[in-house]
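Listed here are the chains, written in short residue letters.
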Amino acid sequence: MSEIICGSVTQTAKEYFQVNLTTSQTGIADSTQATVDFGGSGTVQYDTKSNFDSSNDAYLLDSSSGVYLISFSVGIASDAINTEVIEDAGAQVEVATDGSTFTGLFGASCRGEDGGGAGEGSVHLSANYIYKATTATTKLRLTVIADTDAADTYEIRSDVNSNMQGLQFSTTTGNLCYLSVVRIA
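Predicted model only: the values in this text are computed from it and were never measured.

Now for the packing of aromatic side chains. Under the defined criterion, the tally for this structure stands at five aromatic pairs. With centroids separated by 4.3 Å and ring planes inclined at 15°, the aromatic side chains of Phe17 and Tyr59 adopt a geometry described as stacked. Separated by 42 residues along the polypeptide, Phe17 in strand β3 (residues 16-21) and Tyr59 in strand β8 (residues 58-60) bring together distant segments of the chain. A residue is classified by how much of its surface remains accessible, and Phe17, at 2% relative accessible area, is buried. A ring pair is formed by Phe106 and Tyr129, whose centres lie 4.7 Å apart and whose planes are at 10°; its orientation type is stacked. Of this pair, Phe106 sits in strand β11 (residues 103-111) while Tyr129 sits in strand β12 (residues 122-132), and the two are 23 residues apart along the sequence. Ring-pair connections join several aromatic residues into one group, and the members of that group are Phe17, Phe52 and Tyr59. Of note, Arg141 hangs over the ring of Phe102, and the distance from its end group to the ring centre comes to 3.8 Å.

Here it is in structure tokens:
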């Protein structure tokens, strides 16, 4: 809904949401899918409709027919630096049109292992997607999975510096893991 005031267009029904992981989520079992714990280890930066459900780390879309731009970013690494090897990693936004039964909507993945068996120390995955809601109960959440080769645990890193070992920014680094939702129509 928009209204014109003195030649300017203002949108009275703006909807945008962003949550950032502020503490790395550690100790996730090898090859186990995990929902990013934004409710317990994150901070909501924007939530114009107050629709974030921290108990299940999901955002409820405010419109049953709106069009949304959904974005995510996530850094994944082994917990053990001396055996740090990520063979495979993936992240996906899941959708539950009934509000509780989640299924993959879109995502990103990385096959970090080369032909010789050497893997990545950490990976960064991100993606954007345009989605049209169809129900008033549609929820979104972010999940990850990683194979660490040696059955080590893995973690979801909260900021840019924590996902690097040798180099570090001298200033405070930005958020690495987030989920954002913006209604565009």
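So, on to the pairing of strand β13 (residues 139-147). Counting buried positions along β13 yields seven of nine residues, so the element is predominantly enclosed. Bridging between strand β5 (residues 34-35) and β13 involves two bridges; their strand directions are antiparallel. Of the residues in β13, the one forming a bridge with Ala34 is Val144. Relative to β13, β8 runs antiparallel, the two being bridged by two bridges. If you follow Tyr59 over to β13, its bridge partner there is Leu140. One ladder, built from nine bridges, connects strand β10 (residues 88-96) with β13; its direction is antiparallel. Paired with Val95 across the strands is Leu140, a residue of β13.

With respect to the helices and strands, the residue Ser63 is situated in the loop between β8 and β9 (67-78). Take Ser63: its relative accessible area is 8%, and that puts it in the buried class. For Ser63, the side chain forms a polar contact with the main-chain nitrogen of Ser65, separated by 3.1 Å.

Now for the side chain of Arg141. Residue position: Arg141 is located in strand β13. Among the residues examined, Arg141 registers a relative accessible area of 18% and is labelled buried. Setting aside residues no more than four positions away along its own chain, Arg141 makes contact with Thr35, Asn56, Asp57, Ala58, Gln92, Val93, Glu94, Phe102 and Leu179.

Our next topic: the nonpolar core. Proteins that are soluble and globular tend to have nonpolar side chains buried together. Grouped together as the largest cluster of nonpolar side chains are 35 residues, with contacts concentrated most on Phe38, Phe72, Val74, Ile76 and Val144. At the level of elements, β3, β9, β10, β12, β13, β14 (154-157) and β15 (178-183) are the ones that each hand at least two residues to this core. The element contributing the most residues to this core is β9, with five residues. The contact partners of Val144, leaving out residues within four places of it in the chain, are Thr32, Gln33, Ala34, Val36, Val74, Ile76, Gly90, Ala91, Tyr154 and Ile156.

Conventions we followed
- Residues numbered from 1 in each chain as written.
- Predicted model: local features only at pLDDT ≥ 70, side-chain atom pairs only at ≥ 80, totals over all residues.
- Heavy atoms only, no water.
- Phe/Tyr/Trp six-rings, centres within 6.5 Å; stacked < 30°, edge-to-face > 60°.
- Helix = DSSP H or I, 4+ residues; strand = E, 2+ residues; numbered from the N terminus.
- Buried < 20%, exposed > 50% of the residue type's maximum accessible area, 1.4 Å probe, protein only.
- Lys NZ or Arg CZ within 6 Å of the ring centre and 35° of its normal.
- Pairing = 2+ DSSP bridges.
- Polar contact = N/O pair within 3.5 Å; in protein donor to acceptor, adjacent residues only side chain to side chain.
- Contact = heavy atoms within 4.5 Å.
- Core = buried A, V, L, I, M, F, W, Y, C linked by side-chain atoms within 4.5 Å.

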